[in-house]
Every structure is written in C-alpha cells, then in structure tokens.
Amino acid sequence: MEYDVVVIGSGPGGYIAAIRCAQLGMKTAIIEKYDSLGGTCLNVGCIPSKALLDSTEHFITAKNDFKEHGIELTNLKADLPKMISRKEEVVNQTTQGVSFLMKKNKIKVIHGTASFVDKNTISISSKDGKKTKLTGSKFIIATGSKPATLPFIKLDKKRIITSTEALKLKQIPKHLIIIGGGVIGMELGSVYARLGSKVSVIEFLDSIIPAMDKTMGKELQKSLQKLDFDFYLKHKVYEVSSTSRQVTVKAEGAKGEKVEIKGDYCLVSVGRRPYTDNLGLDKAGIGIDKQGKIIVNERLQTKNDTLYAIGYDIEW
Ligand SMILES: Cc1cc2nc3c(=O)[nH]c(=O)nc-3n(C[C@H](O)[C@H](O)[C@H](O)COP(=O)(O)OP(=O)(O)OC[C@H]3O[C@@H](n4cnc5c(N)ncnc54)[C@H](O)[C@@H]3O)c2cc1C
C-alpha cells in the first residue's frame, strides 16, 4: 500500500485526523476536492461568518453606542465589498495555516475528488480531468456536509441562496427573507440586519435555534427584534419563487393563515446534509442511514473495519 492512512476531506475533522496520524508515525495523505484546505468551516462556514459578524459588530457599535461616549461620527457608512474582502483575507490566512501544518507534519496533500474503487483504492479526479489511483491500508472519510434545501425550492444561488452565497453578497439586501431559524440563518441575518437590512425569518417550529434551550431562543428573538427582525414562527413555507430582482415566499401558519413575503434575497438555511455524493461508498462496502450519514460504531469504524468516518455536525 502507498499510504498507511488516506484522509478524504480537509475540514476540521479531516485535517486534524491527518495531523494526528502523521504524529503517530503513519504515512499519511489527505485528499481535498477544493483548491484550499480547511473545508466548510474555514472556507464558507465558521471563520467567514465570524469575520463578518466581527466587522458588522464594529459598525453597529459605532452607529448606536459611540454617541453616548461623546464620539460623534458623521457620514458613517458600511462598505460591504471591503468587509467581504477583509473576510476573504481572514479565510486565506487560516487556510494557509492548514497548508503549513500539512507540510510541517509531512502529510501529502492531493487536490481532487476522491471516489472508492474498492476498499483499499481510491480514484482521484483532478480539475484538469486527470485521474489517478492511490492505495491505502486505512481510510478516514471526512467529507462533511452541504446545505440542505426543501424539495420544492430551486436554489438559483442569485436571489434564492444558501449560506455560501450569503457570505459574499455584493450589495446589502433591502429585505432578506430567511427560511429556517437555526444558528446559521440567525448569524447571517444579524450580519445584514446590522447593516440596515430588514430581515424576516420563517420557522416551522415554535422557537428559533430550536436545537438549543428554549429560553435561549426567546432571548435571542428579543434581541434580534431590536435589529428589525420579523419572525413567523410555526409557519410552513410551501412556495418560493424569484425574478431577477425579487423573491416571493409563501407560507402557512399553524391555524391555516397564509402569508406572502416579498424581498430581494431569500436565504434557505434549513440545515445541512451529509456529503457523500459520488464517493463510491458501495464499492467500499459501506452503508448509510436514512439521513444519509455513514453508519459507524462507537470507534467511528464503518462495517468495513479499515474504513472510518468522522466529522459533520447536523446542528450546523
Ligand atoms: C455559515 C456556517 C457557519 C458555521 N459556524 C460554525 C461555528 O461557529 N462553530 C462550529 O462549531 N461550527 C460551525 N459551522 C459548522 C462547521 O463548518 C462544520 O461542523 C464543520 O465544517 C464540519 O467539519 P468536517 O471536517 O466534518 O467537514 P467539512 O468542513 O465540510 O469538510 C469536508 C471537506 O471534504 C471535502 N470533500 C467532500 N467530498 C470530497 C471528495 N469526494 N473528495 C475530496 N474531498 C471531498 C469538501 O470539499 C470539504 O472541504 C458552520 C457552518 C456554516 C455553513
């Protein structure tokens, strides 16, 4: 075998596993389909969302609180393109940090999409169309997740968007409609509400951030209402449509009342789904459950005990 361990996916699950394997003396490779390392978290998740929350917190503090301290600002303005490019710099720094760690730990990095040929072999397709094969004694699958959607929603990625597009908008929405009251939606809604967007949240359950303690949801809702958020709780979205400039979202409340909300962007943040597309799991003899998650035991081993699966957090 060419490698003791091959890790597929370089998010926080994969890159940390690769480092540990290398530290334990195993000859390790990591395969990543994107150009930069770090996965969802570093590229289009935790890091960029926190970078924008940081910038917009400065803005809202300057707008609302400076006066009380005797600091007068005239013509305070949010420069969204500048905020986005700063966010990209932060992302670059952190992803380069991961590349440095790979070099330091002598981990072979290969960019391309991995797919199992059999339980000890993967085929890697690179962007230029080349295919190579690689063998390993053990594999760790750390391919993470993708934004989920609802079956009747067509994500056009221009007006009807996921968190990935919301992290790089070119203009501040006038009215951002968010489907789903989870953490990702509330974070990105806060970013744009602080910059002046009207934000409407439609949530199927009776509370926002429903996976957390209910009192936290209530407190968060109160503070977001101060930022010009409207909430439609216990509402089920049944239709989403868009034109080149406008989105229309139709929903129905628990008592059958219908609402129609028009905005310029609709962020669909109804959770994330495991990302195992085209991985060839059947060829490796691995099963998935009803949610699409790879089935593992308490040691994160699949039914094929040389293959492990890690990472991915359904709450985000
Ligand atoms: C907007 C947003 C904000 C978030 N904020 C937070 C936060 O504040 N705190 C927190 O704890 N979590 C947060 N999360 C969740 C966090 O990003 C994930 O839990 C985390 O990234 C999961 O790590 P992972 O290693 O399992 O997968 P990922 O980070 O998704 O990495 C998987 C990698 O595998 C690669 N890959 C997939 N298939 C293949 C293949 N066939 N071949 C090669 N490579 C492949 C992908 O390109 C990707 O780079 C946030 C997520 C989002 C979207």
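Above this text is the structure in question.
First things first, this report covers the structure right here in the doc. Bear in mind that the values here come from a model prediction, so they are computed numbers and not experimental data.

**Here we look at the sheet that holds strand 14 (residues 258–263)**
Sheet strands line up and pair through hydrogen bonds in the backbone, either parallel or antiparallel. Spatial strand order, 12-13-14: three strands in an open sheet with antiparallel pairing. Every other strand in the sheet has two partners, leaving strand 12 (235–242) and strand 14 as the edge strands with one partner each. Along the sheet, successive strands turn relative to each other by an average axial angle of 20°, direction set aside. As paired strands, strand 12 and strand 13 (residues 247–253) are joined by seven bridges and run antiparallel to one another. Residue Ser 241 lies in a different strand from strand 13, and its bridge partner there is Thr 248.

**A look at the side chain of Thr 162**
Tracing the backbone through its elements, the reader meets Thr 162 in the loop between strand 8 (160–161) and helix 5 (163–166). Given the relative accessible area of 4%, Thr 162 is considered buried. Each residue touching Thr 162, except ones within four places of it in the same chain, is listed here: Pro 147, Leu 155, Leu 267 and Val 268.

**Observations regarding the packing of aromatic side chains**
If you walk through the whole model with that rule in mind, you get two aromatic pairs. Residues Phe 116 and Phe 139 carry aromatic rings whose centres are separated by 5.2 Å and whose planes lie at 65° to one another, so their mutual orientation is edge-to-face. Within this pair, whereas Phe 116 is found in strand 4 (residues 113–118), its partner Phe 139 is found in strand 6 (residues 131–141), the two being separated by 23 residues in sequence. The exposure classification of Phe 116 matches that of Phe 139, with both residues buried. Aromatic side chains Phe 229 and Phe 231 sit 5.7 Å apart centroid to centroid with 25° between the ring planes, which places their arrangement in the stacked category. Of the residues examined, Phe 231 reaches a relative accessible area of 15% and is grouped as buried. Here the basic side chain of Lys 27 rests over the ring of Tyr 3, its NZ or CZ set 4.9 Å away from the ring centre.

**A few points about the nonpolar core**
Core analysis: the biggest nonpolar cluster contains 30 residues, and Met 186, Tyr 192 and Phe 229 have the highest contact counts within it. Every element with two or more residues in this core is listed here: helix 3 (46–64), helix 4 (80–104), strand 9 (175–179), helix 6 (183–194), strand 10 (198–202), strand 11 (229–232) and strand 15 (265–268). Considering each element in turn, this core owes the most residues, seven residues, to helix 6. Sequence-distant contacts of Tyr 192, defined by excluding residues within four places in its chain, comprise Leu 80, Ile 84, Ala 166, Leu 169, Ile 172, Pro 173, Leu 176 and Ser 197. Among the nonpolar cores identified, the runner-up in size contains 20 residues, and Ala 29, Leu 279, Ile 294 and Ala 309 belong to it.

**Quick word on the state of the cysteines**
Within this structure, the stated rule accounts for one disulfide. Cys 41 supplies the cysteine sulfur nearest to Cys 21, a cysteine that is in no disulfide, at a spacing of 19 Å.

**Here we look at helix 4**
With 25 residues, helix 4 extends 36 Å between its outermost C-alpha atoms, agreeing within 8% with the 36 Å of an ideal straight helix rising 1.5 Å per residue. Of all the positions in helix 4, only Leu 80, Met 83, Ile 84, Lys 87, Val 91, Thr 95, Val 98 and Met 102 are classed as buried. Summarising the contacts, the buried residues of helix 4 are in contact with helix 1 (12–23), strand 2 (28–32), helix 2 (39–44), helix 3, strand 3 (108–111) and helix 6. Following helix 4 by one or two positions, Lys 106 has its phi on the positive side, about 55°.

**Here's the deal with the pattern of salt bridges**
Counted under the stated rule, the structure contains 12 salt bridges. Linking Asp 35 and Lys 127 is a salt bridge whose minimum nitrogen-to-oxygen distance equals 2.8 Å. Pair noted here: Asp 35 is in the loop between strand 2 and helix 2 and Lys 127 is in the loop between strand 5 (121–125) and strand 6, with a separation of 92 residues, a long-range link. Among the ionic pairs, Asp 128 bridges to Lys 130, the shortest N-O distance being 3.8 Å. Lys 130 gets classed as exposed once you look at its relative accessible area, which sits at 56%. A cluster of three or more residues bridged by salt bridges with shared partners is formed by Lys 198, Asp 228 and Asp 230.

**Examining the sheet that holds strand 11**
One open sheet holds the five strands; their spatial order is 8-15-9-10-11, and the pairing between them is parallel. The sheet is open, and its two borders are formed by strand 8 and strand 11, each paired with just one other strand. Note that strand 8 and strand 15 share two bridges and pair parallel. Pairing of Ile 160 across the sheet is with Cys 266, part of strand 15.

**Observations regarding the pairing of strand 13**
Of all seven residues that make up strand 13, five are buried, and the element is covered over most of its length. Connecting strand 12 to the next strand, strand 13, in antiparallel fashion are four residues. For strand 13 and strand 14, the ladder comprises six bridges, and the chain directions are antiparallel. If you follow Lys 250 over to strand 14, its bridge partner there is Glu 260. Connecting the antiparallel pair strand 13 and strand 14 is a turn made up of four residues, with Gly 256 showing a positive phi of about 90°.

Calculation notes
- Residues numbered from 1 in each chain as written.
- Predicted model: local features only at pLDDT ≥ 70, side-chain atom pairs only at ≥ 80, totals over all residues.
- Heavy atoms only, no water.
- Pairing = 2+ DSSP bridges.
- Helix = DSSP H or I, 4+ residues; strand = E, 2+ residues; numbered from the N terminus.
- Axes fitted to C-alpha atoms, helices over the stretch in contact; angles between N-to-C directions.
- Buried < 20%, exposed > 50% of the residue type's maximum accessible area, 1.4 Å probe, protein only.
- Contact = heavy atoms within 4.5 Å.
- Phe/Tyr/Trp six-rings, centres within 6.5 Å; stacked < 30°, edge-to-face > 60°.
- Lys NZ or Arg CZ within 6 Å of the ring centre and 35° of its normal.
- Core = buried A, V, L, I, M, F, W, Y, C linked by side-chain atoms within 4.5 Å.
- Disulfide = S-S within 2.5 Å.
- Expected span 1.5 Å × (residues − 1).
- Salt bridge = Lys/Arg side-chain N within 4 Å of Asp/Glu carboxyl O.

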